[in-house]
Structure formats: structure tokens, C-alpha cells
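A closer look at the structure
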Number of protein chains: 2
Amino acid sequence: MGIVVQKFGGTSVGTIDRIKNVAKIVTKTKEQGNQVVVVVSAMGDSTDDLLDMAHQITSTPSSRELDMLLTTGEQVSISLLAMALQEIGFSAISFTGWQAGVKTESVHSKARITDISSERIVQELKNDKIVIVAGFQGVSEEGEITTLGRGGSDTSAVALAAALKADLCEIYTDVDGVYTTDPRIEPKAKKLKEVSFDEMLELANLGAVVLHPRAVENAKKFGVHLVVRSSLVQVEGTVIKEEHGMEHVKVVTGVAYDMDVARVQVIGLENKINALSDLFSTLAKEKVNVDMIVTSDYGEDKINVSFSITSSDLQHTLAILERYVGSCTMISHEDHLAKVSIVGAGMISNPGVAAKMFEVLSNADIPIKMVTTSEIKVSCLVPKEYAISGVQELHRSFELDHE
Amino acid sequence: MGIVVQKFGGTSVGTIDRIKNVAKIVTKTKEQGNQVVVVVSAMGDSTDDLLDMAHQITSTPSSRELDMLLTTGEQVSISLLAMALQEIGFSAISFTGWQAGVKTESVHSKARITDISSERIVQELKNDKIVIVAGFQGVSEEGEITTLGRGGSDTSAVALAAALKADLCEIYTDVDGVYTTDPRIEPKAKKLKEVSFDEMLELANLGAVVLHPRAVENAKKFGVHLVVRSSLVQVEGTVIKEEHGMEHVKVVTGVAYDMDVARVQVIGLENKINALSDLFSTLAKEKVNVDMIVTSDYGEDKINVSFSITSSDLQHTLAILERYVGSCTMISHEDHLAKVSIVGAGMISNPGVAAKMFEVLSNADIPIKMVTTSEIKVSCLVPKEYAISGVQELHRSFELDHE
């Protein structure tokens with residue numbers, strides 16, 4: 001008995017039959033006596049179809065007009081879902097982003113939500129209606145239609161849950177929860193009953209994409225009670241919550257990986273005060289996303305800088321770095337690497353976790369090319385061909401295949 | 001050098017290539033030094049596609065949610081046209097109905113425009129932008145997305161032209177103007193250089209659909225200078241204006257027809273004070289559109305009532321009329337009729353036009369089943385098989401095949 005926000009992604013509303021299925025899930029929650037707000041994405045491939053039309057006109061559509069175009073996708077799904085609910089006898093009303101009061105910054109294609117004026121939603125919930133809100137979209141102060149960028153519907157759902165002080169925010173997706181690792185490469189992977197916000201953030205950033213990091217951050221910030229579950233099968237999902245609310249905190253919760261990583265080393269770079277900021281702001285300006293960074297001394301007044309990037313950025317990065325030839329001894333690179341990471345909120349109070357990880361990999365004869373650690377994560381760069389066996393060994397050694 | 005509103009229908013923006021073609025037409029007007037506002041409909045079949053999805057969910061979609069669904073159609077076309085204009089180097093900005101300030105009544109699927117708050121459009125015109133507005137749609141006082149019903153984009157264009165005090169409102173369509181009759185059945189039909197608002201209203205209502213009657217009414221009311229022309233070929237269109245502004249007023253301007261008409265006769269109806277209102281309000285309640293109505297006396301205290309309806313409404317109408325069995329002598333009907341009409345603003349000051357029409361039809365051995373007249377129109381119901389020859393005879397006899 002409370003307010004429940006339910007979010008359904010593009011796959012979950014990909015066909016008319018799936019929309020009818022979503023309607024059934026929603027009514028179940030409603031019949032349990034809850035007030036229900038539903039956030040939906042655009043139907044399956046419809047965003048791609050719209051983008052395709054735009055690209056038949058121009059290779060560089062303006063982001064304002066692209067937002068105008070793409071936001072029609074969710075507007076189609078919300079109206080169809082409202083019809084599906086009405087057809088089976090429930091009162092429902094759909095709202096676009098601007099109607100739902102989702103206020104954003106005045107930028108296009110990646111606006112942040114600044115505020116939600118939820119009066120209309122609250123009123124319609126009081127009228128006993130199921131309220132359906134278009135995800136991914138909002139409106140700027142100037143009355144411009146904006147979008148929230150990748151994972152935007154997750155962000156919409158969490159922001160609405162926070163604004164409405166919802167008791168629960170359920171993210172329905174095509175997987176049934178968060179796993180200890182990717183079940184496709186380790187069949188013994190177990191679904192986690194619960195995971196902390198911080199762990200989820202690390203897992204999401206590490207490629208185990210179930211929820212957009214921005215949505216997780218906002219859920220953590222506003223204390224939104226999140227659940228990830230499947231819209232296709234009826235099983236319990238994974239609860240994402242504050243660590244201190246969890247029943248028992250494991251040392252290691254999951255093993256994540258990222259398969260397409262390259263490493264670049266700038267060896268013997270002059271150790272000027274702005275050497276690092278100069279290097280990485282140059283890369284940032286050129287839109288290169290740098291992940292792991294490790295520095296070390298290299299003789300007097302010189303340093304080594306190693307960093308990892310996505311493989312597809314390698315040639316572009318090497319081209320940018322040509323301007324550093326002369327101010328360093330050598331630039332080297334290595335492709336076909338993978339990042340394997342262990343994540344766990346209990347790590348911080350358990351010394352020796354990183355050491356155990358190195359030992360597991362070493363016993364399996366897996367060479368470690370680079371290491372970074374945070375309070376709840378240890379990541380190792382290894383040759384790609386060892387990545388899967390590394391994940392499996394770590395999963396077994398940290399006993400993630402046990403309940 | 002002024003403000004020009006240009007409206008393009010669904011066929012004119014039916015494909016990406018046609019949208020690019022529309023962009024070219026628009027830029028030509030812009031390059032002549034005008035401020036240009038463009039009103040567009042949804043792309044070709046897209047409305048049908050959306051309706052089809054709705055009907056896979058329910059046979060009775062709520063009109064609110066249907067408006068929510070259908071208005072995405074124009075939102076797609078406005079953004080694509082803006083991109084097409086930007087791609088060829090013009091500044092353009094698209095607006096949905098609510099962004100353009102198109103205020104309507106609080107009803108769905110057939111709202112009337114109550115007001116246009118044109119500040120944003122005026123501002124962007126001052127910024128030297130081509131402004132593109134989604135036709136057919138508006139927003140109610142409560143912030144609900146509404147649609148204007150059939151021919152809605154024509155209405156949007158005329159209302160915007162009135163609000164902006166535009167110098168010209170050009171309606172681009174797939175025909176190149178208004179003709180003396182349908183060129184498909186009379187190859188000698190001539191395109192009219194100009195036609196009065198009232199004549200256009202009669203022609204539109206009579207099936208020669210080029211412009212929606214509501215748009216014509218509004219254009220007349222607000223003195224909007226209208227032109228109908230083709231988006232596919234570059235020729236002069238037809239100007240629609242006040243009769244007193246026309247160069248020379250013809251007695252008969254055009255011959256219209258409607259092919260699927262049935263006649264119903266209620267014979268010997270008791271002539272009570274409310275007999276007619278009772279009969280026709282019953283039919284109206286059941287959504288039967290009655291067109292021509294003729295009454296005559298039938299002995300003492302009884303009347304005959306004859307009226308014409310669309311053929312497809314005949315069975316439904318007869319079923320409704322069963323309740324009148326007993327209060328009249330007989331109910332008869334005749335299907336497979338057609339209505340042939342002559343229209344002309346000069347008719348009112350030229351007695352004998354109706355007589356000449358009857359004479360033309362009679363000389364061609366065409367039986368006349370029913371007649372109605374107005375100040376600028378005479379309509380005759382004739383058997384369907386005579387309709388085309390009737391139109392051709394009238395067209396020739398009133399010399400519409402001459403310049």
C-alpha cells in the first residue's frame with residue numbers, strides 16, 4: 001500500500017503484445033492497493049527508425065530537432081499503454097515529459113533533470129488513475145523539449161520516485177536481476193538478492209549494464225528503494241539499497257569484465273607540474289574516454305603514465321599523442337586486453353582481498369598488465385584470451401557460486 | 001515582403017524526398033524576403049499506421065489517448081523539415097502545437113482553436129528563422145494535447161495566418177487549384193483563377209475537397225488571403241477571397257457532385273408542432289448526417305418529409321425510423337442516387353439559373369428526384385448512372401469550359 005514507480009524499457013514494450021503484457025504487470029501492482037506511476041521508453045526499434053529518417057536528411061541533425069523527433073517514440077508507447085490499461089478496465093492517463101512536470105537543463109540530447117513539478121501526477125493518482133509518463137524526456141525553462149541521453153528512462157523513473165517519495169521504484173528489464181557475474185560466461189553465476197548502490201555503480205560502470213549509472217547515483221542520493229526485475233518472467237529481482245540496510249555485506253559481491261580494452265604507455269614524460277592535466281585534458285577534448293590511469297616515476301624528473309581506453313579509440317588516441325613525441329622517451333601501446341574486476345562493499349574492511357585476486361590470477365597463469373583499486377573494487381587488465389577463465393576462477397575462488 | 005504562412009499536407013511530406021522538396025519551396029519564399037511560417041501534417045500513411053497500432057489494442061481507444069498518439073505524426077514531420085532546411089543552410093525551428101501557442105477547447109479529436117499566443121513564433125521570425133508548426137494539434141487550458149479533427153492542418157494554417165496578420169496563406173496540396181468541376185470526369189474542366197469564400201464553402205461541402213470548410217470559414221471571418229496550389233508542380237494556384245474583391249463574378253463558377261447518396265421519404269407524418277425537430281434530432285443523436293431536406297403537405301394535418309443521406313447510412317437510418325411506423329402512412333427509400341450541384345456567387349442576382357439547370361438536365365433525359373437551393377447553389381438529386389453525364393452537360397451549358 002504505497003506509491004510504486006515501475007519502469008519498462010524499449011524491449012518490454014517492443015510489440016503490441018508486450019505492451020499488453022506490461023499492462024497486466026501494472027494492474028497486478030494496482031490491484032494490491034498501490035498508487036502506480038509507470039515510466040516507459042520508446043518501442044523497441046522505433047528510435048532507430050526515427051534516427052534512420054533523420055540521417056536520410058542530414059548526417060549532422062541539430063540536437064534540438066533530434067530531441068523533437070525522438071521524443072515522439074515514448075509518446076507513442078505511453079498512449080498505447082494507456083489504451084491497453086483502459087481496455088482491460090483500468091483508469092489510466094498518459095503524460096509527456098512536459099505534462100508530467102519533468103524540468104531539465106536547457107541543453108539537448110543529454111539534459112539533466114533539475115526539478116519535477118509533480119502536481120498533475122499527484123492529482124491523477126488521487127483520482128485513482130494509473131499514471132503513465134514518457135521516459136527519457138523533459139522540458140527546459142524556455143519550453144524546449146529535451147532528452148536525458150542514454151539510460152534516460154531509468155533516470156526519469158528514479159527522479160519521479162524521488163519527487164513522489166515513492167515506496168518502491170521497480171526497473172523492469174529483459175534480465176531478471178543483477179548477477180554475481182555474466183551468466184553467459186559462468187553458468188554458475190547467481191542472481192544477487194541485494195546489492196548496494198555503490199556496488200551497483202561499479203558493476204554498471206564495469207559493463208554489467210542493467211541500470212544506468214546516473215539513475216543509480218540519483219537513487220542513492222535521494223534514498224530511492226530500487227528493484228531490478230524481469231518483465232518477461234515472474235521471479236524476484238535484485239534489490240538495490242544502502243549498504244547499511246543490507247542483511248549481510250559480502251566481501252566480494254560480483255565479478256565484472258570489459259572485453260575491448262587497450263593500454264597506452266607514455267614513458268619518460270617530463271614531470272612538469274601540469275604534465276598529467278595537460279595530457280588528459282587533451283584526450284578529453286578529443287572525446288577519448290580514459291578509464292584506468294597508473295603513474296610511476298621514471299628516473300629523475302620523468303614519469304611513466306599508463307592508461308586504458310576502449311580498443312576502438314586506440315588509433316585516434318595514438319594520433320593525438322604524436323604531439324608528445326619529443327617530450328617523452330617512448331609511446332607504446334598494447335591492444336586485445338580485457339579488464340576483470342571484483343566488486344564488493346565489504347572489501348574496504350577486509351585487507352588482503354586484492355592480494356587474493358592477484359594470487360588467483362597468478363595460480364591460473366594469467367598475466368596482469370595493470371591494476372587499479374578503489375574502496376569497493378579491484379580491477380586488473382589481462383590479455384583478452386585469459387579474461388573468461390579469469391572471471392570463472394575469481395567467481396569460484398570468492399565462492400560466488402554458493403548461496 | 002511580408003509574412004507568408006505555407007501549409008503542406010500529408011502527401012506533400014509523404015517521403016523524405018518530398019520533405020526535401022518542401023524545403024526547397026519554403027526557401028524560395030524566404031529568399032524573396034518574406035518571413036515564413038510553415039504548417040505541416042503527418043507524413044503520408046503515418047497516421048494510418050498509428051491508428052492501426054491503437055486498433056490492435058482496442059476497438060474503442062479513448063479520444064484523449066488517441067490525440068496523444070496521433071499528434072506524434074506531425075511532430076515527426078516538423079522536426080524532419082527543420083533538419084532538411086538546416087541542411088541546405090537555412091535557420092529553422094520547429095514547434096509542436098503547444099509550443100506554438102495554439103490554444104483549443106478542452107475536447108479531444110475535434111477541438112476548436114480558441115486563441116493563438118504567437119509570441120514565440122513572432123520572436124523566432126524576428127531572429128530570421130523559418131518557423132515550422134505542427135498542424136492539426138493544440139493544447140487545452142488544462143495542458144492536454146488536443147487535435148482539431150479532419151482538415152485540421154488547414155485550420156491551423158488559417159488560424160496562424162490570422163493571428164500573425166500574415167499577408168498570404170498558401171495551402172499546398174496534391175492538386176494545383178480549384179477546378180470548375182472534377183477533371184477526372186470532365187477533361188475540359190478549367191482551373192479557376194479565383195473563387196469566393198462562399199463558393200469555396202459550397203464546393204468543399206459538395207465533395208470537391210481541396211480545403212476543409214472550417215478553414216475556409218475562418219479565412220472568411222478573419223479576412224485571410226488564401227491561395228490553393230500544388231506542391232508537386234510549379235503553377236499558379238487558385239486565389240480564395242471575398243467576393244467583392246474579385247475581378248468578375250461569374251453566374252456559375254463550378255459544378256460539384258457527390259456519388260453516394262440515398263433518399264428516404266416519410267410519407268403522411270402527423271403534422272405536430274415538433275414533428276420535424278423530433279425526427280431530425282433523433283437522427284442526429286444516432287450520428288446520421290442528413291444533407292438535403294424537403295417537406296410538403298400531404299392532405300390534412302399530415303406532411304411528407306424527404307431527406308438525403310450518405311448511402312452507407314441507409315440501413316442504420318431505416319432501422320431508426322422503425323419507431324415512426326404507425327405515426328406515418330409509409331416510409332420509402334431509394335438508393336444509388338447522386339447529388340449534382342452548380343455553385344456560383346453570381347447566382348443570387350441572376351434569376352433563372354435554377355430553371356436553366358433543370359432544363360439542361362431535362363434535355364438530357366435525366367430525372368430529378370429532389371431539389372434544394374441556396375443563394376449561391378442549386379443541387380439536384382439524380383440517379384447515380386446519370387450523374388457524370390449531368391455534370392458534363394451542366395459544365396458545357398454554363399460555359400465553364402471557356403476561359
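These numbers were taken from a predicted model, which means no experiment stands behind them.

Helix and strand counts for chain A come out as 11 helices and 18 strands. Relative to a compact globule of 403 residues, whose C-alpha radius of gyration would be 22 Å, chain A shows 23 Å and is just as compact. Once the C-alpha set of chain A is aligned to its principal axes, its extents read approximately 75 × 50 × 35 Å. Per-residue burial for chain A yields a buried fraction of 56% across its 403 residues. Put simply, 74% of the contacts in chain A that link residues at least 6 apart link residues at least 24 apart. Summed over all atoms, the accessible surface of chain A reaches about 17,600 Å², with 48% contributed by carbon and sulfur. If you average the places of the 38 positive and of the 55 negative side-chain charges in chain A, the two averages end up 3 Å apart.

A few words on the packing of aromatic side chains. Tallied over the full model, the rule gives five aromatic pairs over all chains. Pairing Phe8(B) with Tyr172(B) gives two aromatic rings, centres 4.6 Å apart and planes at 15°, and the pair type is stacked. Within this pair, whereas Phe8(B) is found in strand 1 (residues 3-8), its partner Tyr172(B) is found in strand 9 (residues 168-173), the two being separated by 164 residues in sequence. You'll find Phe8(B) and Tyr172(B) in the same group, each marked buried. Both rings, one in Phe280(B) and one in Phe307(B), keep their centres 5.4 Å apart while their planes meet at 75°; by these two values the pair is edge-to-face. Taken together, the residues Phe280(B) in helix 8 (residues 275-285) and Phe307(B) in strand 15 (residues 302-310) connect sequence positions 27 residues apart. The pair formed by Phe280(B) and Phe307(B) is uniform in burial state, with each residue classed as buried. Directly above the ring of Phe398(A) sits Lys356(A), whose terminal nitrogen or CZ lies 4.7 Å from the centroid.

With that settled, the discussion passes to the relation of the copies chain A and chain B. Taken as rigid bodies, chain A and chain B are interconverted by a rotation of 179° and an axial shift of 0.1 Å, the fit giving an RMSD of 0.2 Å. Put plainly, the chains are arranged around a two-fold axis. Considering only C-alpha atoms, the part of chain A nearest the rotation axis is Thr72(A), at 2.4 Å. A shared interface surface links the copies, since 100% of the contact residues of chain A are contact residues in chain B too.

So, about the domain arrangement of chain A. Segmenting chain A into domains produces domain 1 (3-174) and domain 2 (255-397). Inter-centroid distance (C-alpha atoms) of domain 1 of chain A to domain 2 of chain A is 38 Å.

Residue and element names in this part refer to chain A. Using the residue numbers shown here, the UniProt feature "binding site: substrate" (unreviewed entry) corresponds to Thr47 and Glu74. Spanning 28 residues, the annotated positions come together in the fold, the maximum distance between their C-alpha atoms being 9.1 Å. Relative to the elements of secondary structure, threonine 47 occurs in helix 2 (residues 46-57). Here threonine 47 is in contact with Ala42 and Leu70, once residues within four sequence places are set aside.

The next thing to look at is the interface of chain A and chain B. Taken together, the contact pairs 43 residues of chain A with 43 residues of chain B. Together chain A and chain B conceal approximately 3,300 Å² of surface at their shared face, both sides included; 64% is due to carbon and sulfur atoms. The tally of links from chain A across to chain B stands at two salt bridges. Note that Arg120(B) is salt-bridged to Glu144(A), the shortest N-O span being 2.6 Å. Taken together, the links from chain A to chain B amount to 21 residue pairs in polar contact (both at pLDDT 80 or more).

So, on to the sheet that holds strand 9 of chain B. Adjacent strands of a sheet pair through backbone hydrogen bonds, lying either parallel or antiparallel. Residue and element names in this part refer to chain B. With respect to topology, eight strands assemble into an open sheet ordered 3-6-2-1-9-11-12-10, the strand pairing being mixed. Here the strands that pair on one side only, and so sit at the sheet edges, are strand 3 (92-95) and strand 10 (194-196). The mean inter-strand angle of the sheet, taken between neighbouring strand axes irrespective of direction, is 20°. Looking at chain direction, strand 9 and strand 11 (residues 226-230) are connected through five bridges and run parallel.

Below, the discussion takes up the sheet that holds strand 14 (residues 290-297) of chain A. Residue and element names in this part refer to chain A. Across the sheet, six strands lie side by side as 14-15-13-16-18-17; this open sheet has antiparallel pairing. At either end of the open sheet lies a strand with only one pairing partner, and these are strand 14 and strand 17 (370-374). On average, each strand axis in the sheet is inclined to that of its neighbour by 30°, with strand direction left out of account. Across five bridges, the pairing between strand 17 and strand 18 (residues 377-383) is antiparallel. Following the sheet pairing, valine 371 is matched in strand 18 by cysteine 380. Against the sheet, helix 8 (residues 275-285) makes contact with strand 13 (254-270), strand 14 and strand 15 (302-310), and its axis sits at roughly 20° relative to strand 15, the strand it touches most.

Interhelical geometry of helix 2 of chain A versus helix 1 (residues 16-31) of chain B gives an angle of 45° and a closest axis separation of 10 Å. For the element pair helix 2 of chain A / helix 1 of chain B, the angle class is oblique. Two packed elements cross with a definite hand, and for helix 2 of chain A against helix 1 of chain B that hand is right-handed. Along the contact surface, helix 2 of chain A presents Met53(A), Gln56(A) and Ile57(A), while helix 1 of chain B presents Ile16(B), Ile19(B) and Lys20(B). When grouped by side-chain class, the residues that make up the contact of helix 2 of chain A with helix 1 of chain B number four nonpolar, one polar and one charged.

A surface patch of negative charge is lined by Asp45(A), Asp48(A), Asp49(A) and Asp52(A). As for its placement among the helices and strands, Asp49(A) is situated in helix 2.

What follows deals with the side chain of Thr104(B). Residues and elements named next belong to chain B. Counting through the fold element by element, threonine 104 comes out in strand 4 (residues 102-104). Only 2.7 Å separates the side chain of threonine 104 from the side chain of threonine 146, close enough to count as a polar contact. Apart from the residues within four sequence positions on either side, threonine 104 is in contact with Ala111, Arg112, Ile113, Thr114, Gly138, Val139, Ser140, Glu141, Thr146 and Leu148.

This part takes up the UniProt feature "binding site: ATP" (unreviewed entry) in chain A. All names here are of chain A. Listed under "binding site: ATP" (unreviewed entry) in the UniProt record, and renumbered for this structure, are Lys7, Phe8, Gly9, Gly10, Thr173, Asp174, Tyr179 and Arg184. Of the residues just listed, which span 178 residues, the most distant C-alpha pair is 25.1 Å apart, and they do not cluster in one region. Relative to the helices and strands, aspartate 174 is located in the loop between strand 9 (168-173) and strand 10 (194-196). Among the residues examined, aspartate 174 registers a relative accessible area of 46% and is labelled partly exposed. For aspartate 174, the contacting residues outside a window of four places in its chain are Thr11 and Leu232. A polar atom in the side chain of aspartate 174 sits 3.1 Å from the side chain of threonine 173. Summarising the element assignment, tyrosine 179 is placed in the loop between strand 9 and strand 10. Not counting residues up to four positions away in its chain, the partners in contact with tyrosine 179 are Ala189, Lys190, Lys191 and Leu192. A polar atom in the side chain of tyrosine 179 sits 2.9 Å from the side chain of aspartate 176.

Note on placement: Thr58(A) falls in the loop between helix 2 and helix 3 (63-87). Thr58(A) sits in the buried class, given a relative accessible area of 3%. There is a polar contact of 2.5 Å between the side chain of Thr58(A) and the side chain of Glu87(B).

Moving on: the pairing of strand 18 of chain A. Residue and element names in this part refer to chain A. Counted residue by residue, strand 18 has seven buried out of seven residues, so it is predominantly covered. Sheet topology note: the strand 16 (residues 330-343)/strand 18 ladder contains seven bridges and is antiparallel. Bridging from a neighbouring strand, valine 340 pairs with cysteine 380 of strand 18.

Residues and elements named next belong to chain B. Its location among the elements puts leucine 318 in helix 9 (residues 314-321). We classify leucine 318 as buried; its relative accessible area is 17%. Separated by 316 residues in sequence, leucine 318 and glycine 2 have C-alpha atoms that sit 55 Å apart. Setting aside anything within four residues of it in sequence, one finds leucine 318 in contact with Ile331 and His333.

Criteria and cut-off values
- The numbers attached to residues start from 1 for each chain and follow its sequence in the written order.
- Think of it this way: whatever chain is written first is A, whatever ligand is written first is 1, and the rest follow in order.
- Residue-level local features of this predicted model are given only where pLDDT is at least 70; pairs of side-chain atoms are given and counted only at 80 or more, and the full residue set underlies all totals for whole chains, interfaces and linings.
- Excluding hydrogens and water, the side-chain figures rest on all heavy atoms present in the structure.
- Secondary structure elements are defined from DSSP: runs of H or I of at least 4 residues count as helices, runs of E of at least 2 residues count as strands, and each element is numbered from the N terminus.
- Here the radius of gyration uses the C-alpha set of atoms, whereas the globule reference equals 2.2 Å times the residue count to the power 0.38.
- Relative accessibility decides the category of a residue: with a 1.4 Å probe and only protein chains considered, values under 20% of the type maximum give buried, values over 50% give exposed, and everything between is partly exposed.
- Two residues qualify as a contact provided that any one of their heavy atoms is within 4.5 Å of a heavy atom in the partner residue.
- Each accessible area is a Shrake-Rupley result for a 1.4 Å probe, and residues are judged covered by the shown protein chains and nothing else.
- Residues scored as charged are limited to Lys and Arg (positive) and Asp and Glu (negative), so that His and the chain ends carry no count.
- Lysine's charge is taken at NZ, arginine's at CZ, aspartate's at CG and glutamate's at CD.
- Two aromatic rings, drawn from Phe, Tyr or Trp (for Trp, its six-membered ring), form a pair once their centres lie within 6.5 Å of each other, and the interplanar angle then sorts them: stacked below 30 degrees, edge-to-face above 60, tilted otherwise.
- Only when the NZ atom of a Lys or the CZ atom of an Arg is both within 6 Å of the ring centre and within 35 degrees of the ring normal do we say a charge sits over the ring.
- The superposition of copies rests on a least-squares fit of C-alpha positions from residues with pLDDT of 70 or more in both.
- Domain start and stop points were drawn from an automatic or database domain assignment.
- UniProt positions are given in the numbering used here, feature names are shortened, and annotations may be inferred rather than shown by experiment.
- Joining two parts hides part of their accessible area as seen by a 1.4 Å probe, and the buried area is that hidden amount summed over both.
- Salt bridge criterion: a side-chain nitrogen from Lys or Arg within 4 Å of a carboxyl oxygen from Asp or Glu.
- Between N or O atoms, a polar contact is any pair within 3.5 Å; within protein, one atom must be a potential hydrogen donor and the other a potential acceptor, and residues adjacent in sequence are included only when both atoms are from side chains.
- Two strands make a pair as long as DSSP finds a minimum of two bridges between them.
- Lines fitted to the C-alpha atoms define the axes, with helices restricted to the stretch that makes contact. Angles between their N-to-C directions range from 0 to 180 degrees.
- Small angles under 35 degrees read as roughly parallel and large ones over 145 as roughly antiparallel, with 65 to 115 read as roughly perpendicular and the rest as oblique.
- Crossing chirality is assigned from the near helix's rotation relative to the far helix, an anticlockwise turn below a right angle marking it left-handed and a clockwise turn marking it right-handed.
- All residues other than Ala, Val, Leu, Ile, Met, Phe, Trp, Tyr, Cys, Pro, Asp, Glu, Lys and Arg, Gly among them, are scored as polar; the first ten of these are nonpolar and the last four charged.
- Patches draw on residues past 30% relative accessible area with no salt bridge. Two like charges within 9 Å are joined, as are two nonpolar side chains (Val, Leu, Ile, Met, Phe, Trp, Tyr) within 5 Å.

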